[in-house]
Amino acid sequence: MLSAVNFNRAVLFICGLSATNLFCAINGYAQINTTHKMRSEIAIATKNNEKRVQLFSNSLSSDITYQTDDFTLTSIINLNSQFSDGMQAIFQDKTYSAFNTTTNLANHSELTLRELYIEIPLDQYFLTLGKQQVVWGKADGIKILDVVNPQSFNEFIFDEFEQSRIPLWMLNVEFSFENNDVLQLLWIPDTTVHRLAPQNASFTVTTSRIVPQLADTPFSPTGDINVIQNPNNRPSTHVKNADIGLRWTRFINGWDLSLNYLYHFVDLPLFNTSYSPQRLNINAEYFRSHLLGGSVATTFKEITLRSEMAYQTHIKQRNLHNQISQYNELTYLLGIDYFGFNNTLVSAQFMQNHAINTQPNLTKPTTDTHVTFLIRNKFWHDTLTSELLVVKNIDDHDGFINASLIHDYNDNLKIWLTTDIIWGKAEGLYGQFKQKDRIKFGFEISF
Amino acid sequence: MKIYLFISLFISTLVCSFTLQANTLIDANWIVQQVNSRDEGEAVSRQLTMTMIDRSGKKRVRETQAFRKYFGDEKRTAIFYETPKNIKDTAFLTYDYANKNKDDDQWLYLPAMRRVRRISAADRGDYFLGTDFTYEEIKLETKISVDDYNHRTLKSKYIEGIDYYVIESVPKNSHVAKELGYSKLESYIDKNIWITRKAIYWDTKGNLLKTITFTDIRLIQNIWTAHQIKVVNYKTEHTTEFIFKNVNYDQVISNKIFTQQTLKRGL
């Protein structure tokens, strides 16, 4: 149901937009551009023991831009309906900060102000203020530096990042130097965190890497037990909890370089447990971390080389004795794109994550290695794209294959057919979803 | 005796006529040099409409803003897509270096990824974003590559009031031919204004591939400018037409246009 608070927010938002519209219209110098997209997707499970329709999602998004000589105002509103289990609120309602809430219109629908920001060019400065997405890094499909915005995991990582990234309210200032170096400063008071799929959803996280397992606890219940998921202990909306980011970028002698720093709350919580007779409490806790990293990209003939690295402090993880261990983490990625075949991209990535100075018996390996392989072909003058993506965790021996066929039927209609095939053991990050193989069909109409 | 005299006179005349024709045909490299040294301005801004039509008659139209500017010997080109809605905000940037040993630098911004992606410039024979132009042709515009081809003048021809030199260009080696996707091209170059008006391409197997025609050529701020460029691809029966509007060589174009930041933010 639409609550009074949310209703008021929606009304205020619509009034705000109307006022801006009116202001621009009266002044007569604004250029108004609108893009609307209607998107529909259905996913059918292919494993016998699964319910057949895994996802049926419909969304309508409106992108409205007012552009003047002095500023550009952009708003993206999204109305989304999912006739599946992904939107039942247990944890996720608590993941959004007070500024960043969605408006539930019914059990299966929500209205979201996805983005609303003003861009002001000021001589050497470029100011972007409002709810927005900031993308860092050079990696494809793997997030090392791309951690400024949290993500929705309702579809695990099978959604496009553009769709699953959760925009945040922030101040984003970019200062351009004479030599085209750019220094970016982010101040992010919005404390929204990752949105995990709720209990009993198709992509509910169950891996022992993240979620405590009853078998690993000293809790020995007799008879029925109650598992209580306490509300997220998400950082409160307060100036002292704001994330701060810095990025310096430079292009020199064919090399794209960046240095990144982010002081932030890690968006994936640490789940810990407490017990009382016949009751197991699972609490989500968030913690601060310093991230220092960088990225490089360059080309050698047919090859583009991409790399990024991040060193993160104060990472917390449970060990097998259900104790919490704190350590630092080094993650690096090397990616190679090969453009030597006509209209074809062949890409491979190697990513490794090391827990440094940690105690033994963590619920995740101290060294975690992922490899990805991508081949993308374009046919019929870029109107048909075939793509095969393979992601494998070397240590856990799990992974997934995503194969897709995307056709731009015309400038307004795009249709796609994809399949996700997942394998591995249930404890693995990917293997936990090995029963969730599916075929997905979707289309998008732009107007 | 008379018959021998007649035959020798005939042969002499024939040899002389061939020699005369060979002498009147100017060296192809000199012609290419004239084409490439034609003034194209320090910088230019223009609106570019791309129309693509497939064999079934289905039409796709893209409205873009295109900029080009020289930074010394280095040529920078930026193209920003404004319509249609499904590819709006896509942008392409290239730094083309005079030093042939240095690879060009290219970036592509895809709004769906929200990230500027570095792409290799070695795929110059690939078609540019669904058009019938290759990345190389987008980069060269109306110029002719000196480094990739050996040129020779085929003939001088007069067609519909215009004098042409027809030159044949053959890739210098099989590697270049494979990279560009051509075994040969023939260019019809206007003798008076040193601009290519037509170019015919053959694929690596020697089959006729496509024709590019440059029309609506007008003087803009004292620079000869083709306002319409059309490609007909015989293999795919696909055509691409570029229409240029509001061509301006005098506009001051900010250096910031040619940065990854502008690629991402848009104009």
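Residues numbered from 1 in each chain as written. Chains lettered and ligands numbered in written order. Predicted model: local features only at pLDDT ≥ 70, side-chain atom pairs only at ≥ 80, totals over all residues. Heavy atoms only, no water.

Some words on the overall build of chain A
And then number 1: Summing up its helical and strand segments, chain A has 2 helices and 22 strands in all.
And then number 2: The proportion of buried residues among the 447 residues of chain A is 51%.
And then number 3: Summarising the internal contacts of chain A: among those between residues at least 6 apart in sequence, 60% fall at separations of at least 24. (Helix = DSSP H or I, 4+ residues; strand = E, 2+ residues; numbered from the N terminus. Buried < 20%, exposed > 50% of the residue type's maximum accessible area, 1.4 Å probe, protein only. Contact = heavy atoms within 4.5 Å.)

Focus: the interface of chain B and chain A
And then number 1: If you look at the interface, chain B gives 42 residues, while chain A gives 53 residues.
And then number 2: Where chain B abuts chain A, roughly 3800 Å² becomes buried across the two surfaces, and 41% of that area is made up of carbon and sulfur atoms.
And then number 3: Contact with chain A buries surface across chain B, with B:Arg114, B:Arg118 and B:Arg265 losing the most and accounting together for 20% of the total.
And then number 4: Put simply, chain B and chain A have 9 salt bridges between them.
And then number 5: Here A:Asp411 ties to B:Arg62 by a salt bridge, and the two come within 2.9 Å at their closest N and O atoms.
And then number 6: There are 28 residue pairs in polar contact (both at pLDDT 80 or more) connecting chain B and chain A. (Buried area = accessible area lost by both parts, 1.4 Å probe. Salt bridge = Lys/Arg side-chain N within 4 Å of Asp/Glu carboxyl O. Polar contact = N/O pair within 3.5 Å; in protein donor to acceptor, adjacent residues only side chain to side chain.)

A look at the confidence of the model for chain A
Residue and element names in this part refer to chain A.
And then number 1: Scored by pLDDT, chain A comes out at a mean of 85, with 86% of its residues at no less than 70.
And then number 2: When pLDDT is averaged over each helix and strand of chain A, the minimum, 51, is found for helix H1 (residues 4-27) and the maximum, 97, for strand S8 (residues 182-188).
And then number 3: In this model residues 1-5 is a low-confidence stretch, pLDDT under 50, and it forms 5 contacts with partners more than four residues away in sequence or in other chains.
And then number 4: Overall, residues 86-92 carries pLDDT values under 50, and its contacts beyond four positions in sequence, including any with other chains, amount to 22 contacts. (pLDDT = per-residue confidence, 0-100.)

Some points on the packing of aromatic side chains
And then number 1: Within the structure shown, the criterion is met by 25 aromatic pairs over all chains.
And then number 2: With a centroid separation of 5.0 Å and 85 degrees between ring planes, the pair formed by A:Phe158 and A:Phe400 is classed as edge-to-face. Of this pair, A:Phe158 sits in the loop between strand S6 (125-132) and helix H2 (161-164) while A:Phe400 sits in strand S20 (residues 398-408); the two residues are 242 residues apart in sequence, bridging distant segments of the chain.
And then number 3: The exposure class of A:Phe158 is buried, given its relative accessible area of 11%.
And then number 4: Classification of A:Phe400 by relative accessible area gives buried; the value is 4%.
And then number 5: The ring of B:Tyr95 has B:Arg76 sitting right over it, with the charged end atom 3.9 Å from the ring centre.
And then number 6: Positioned above the aromatic ring of B:Tyr97 is the side chain of B:Lys102, whose terminal nitrogen or guanidinium carbon lies 4.0 Å from the ring centre. (Phe/Tyr/Trp six-rings, centres within 6.5 Å; stacked < 30°, edge-to-face > 60°. Lys NZ or Arg CZ within 6 Å of the ring centre and 35° of its normal.)

A look at the pattern of salt bridges
All names here are of chain B.
And then number 1: Summed over the entire model, instances satisfying the criterion amount to 46 salt bridges over all chains.
And then number 2: A salt bridge links arginine 218 to aspartate 216, with the nearest nitrogen and oxygen atoms 2.9 Å apart.
And then number 3: Classification of aspartate 216 by relative accessible area gives partly exposed; the value is 37%.
And then number 4: Salt bridges here are not isolated pairs; linked through shared partners, they connect Asp96, Asp104, Arg124, Glu136, Lys139, Asp148 and Glu179.

Side note on the pairing of strand S11 (residues 208-220) of chain B
All names here are of chain B.
And then number 1: Of the strand pairs in this sheet, strand S10 (residues 195-202) and S11 are connected by 5 bridges, and their pairing is antiparallel. Residue pairing in the sheet places tyrosine 201 in a bridge with lysine 210 of S11.
And then number 2: Connecting the antiparallel pair S10 and S11 is a turn made up of 5 residues, with glycine 206 showing a positive phi of about 90 degrees.
And then number 3: Relative to strand S12 (residues 223-233), S11 runs antiparallel, the two sharing 10 bridges. Across the sheet, residue isoleucine 212 finds its bridge partner in S12, namely valine 231.
And then number 4: Linking two consecutive strands that pair antiparallel, namely S11 and S12, is a turn of 2 residues; a positive phi of about 45 degrees is found at glutamine 221 within it. (Pairing = 2+ DSSP bridges.)

Brief notes about the environment of A:Phe99
All names here are of chain A.
And then number 1: Tracing the chain through its elements places phenylalanine 99 in the loop between strand S3 (72-82) and strand S4 (103-106).
And then number 2: Judged by its relative accessible area of 48%, phenylalanine 99 is partly exposed.
And then number 3: Sequence separation between phenylalanine 99 and proline 189 is 90 residues; the distance between their C-alpha atoms is 9.5 Å.
And then number 4: Ignoring any residue separated from it by four or fewer positions in sequence, one finds phenylalanine 99 in contact with Trp169 and Thr237.

Focus: the side chain of A:Ser176
Residue and element names in this part refer to chain A.
And then number 1: You can see serine 176 is positioned in strand S7 (residues 168-176).
And then number 2: Judged by relative accessible area, which is 15%, serine 176 ranks as buried.
And then number 3: Leave out the neighbours within four places in its chain, and serine 176 touches Gln124, Asp181 and Val182.

Thoughts on the nonpolar core
And then number 1: In this structure, B:Met50, B:Ile79, B:Phe128, B:Phe133, B:Ile212, B:Ile229 and B:Phe242 are the most contacted members of the largest nonpolar core, which totals 39 residues.
And then number 2: Secondary structure elements with two or more residues in this core: strand S1 (43-53), strand S3 (74-83), helix H3 (135-140), helix H4 (174-180), S10, S11, S12 and strand S13 (238-248) of chain B.
And then number 3: By residue number, the principal contributor to this core is S11(B), which donates 5 residues.
And then number 4: When residues no more than four places from it in sequence are discounted, the contact partners of B:Met50 are B:Arg60, B:Val61, B:Arg62, B:Thr64, B:Ile79, B:Tyr81, B:Phe128, B:Thr131, B:Glu241 and B:Phe242.
And then number 5: The next biggest cluster of nonpolar side chains, apart from the first, holds 16 residues, and it includes A:Trp136, A:Leu145, A:Met170 and A:Leu186. (Core = buried A, V, L, I, M, F, W, Y, C linked by side-chain atoms within 4.5 Å.)

Considerations on helix H2 (residues 28-36) of chain B
Each α-helix turn comprises 3.6 residues. Residues three or four places apart therefore point the same way.
And then number 1: For H2(B), the full list of buried residues reads B:Ala28, B:Ile31, B:Val32, B:Gln34, B:Val35 and B:Asn36.
And then number 2: Turning to H2(B), the residues buried within the fold contact strand S7 (149-159), strand S8 (162-171), strand S9 (184-190) and S10 of chain B.

A word on unusual backbone geometry
It is generally the case that most residues other than glycine have a negative phi and that most peptide bonds are trans.
And then number 1: Here the amide bond leading from B:Thr83 into B:Pro84 is cis, since omega sits at 0 degrees, within 30 degrees of zero.
And then number 2: If you check the backbone angles, A:Phe156 has positive phi at about 55 degrees while not being a glycine.
And then number 3: Mapped onto the secondary structure, A:Phe156 falls in the loop between S6 and H2.
And then number 4: Here the phi dihedral of B:Arg114 falls at roughly 55 degrees; this positive angle occurs in a residue that is not glycine.
And then number 5: Mapped onto the elements of the fold, B:Arg114 is located in the loop between strand S5 (105-110) and strand S6 (115-119).

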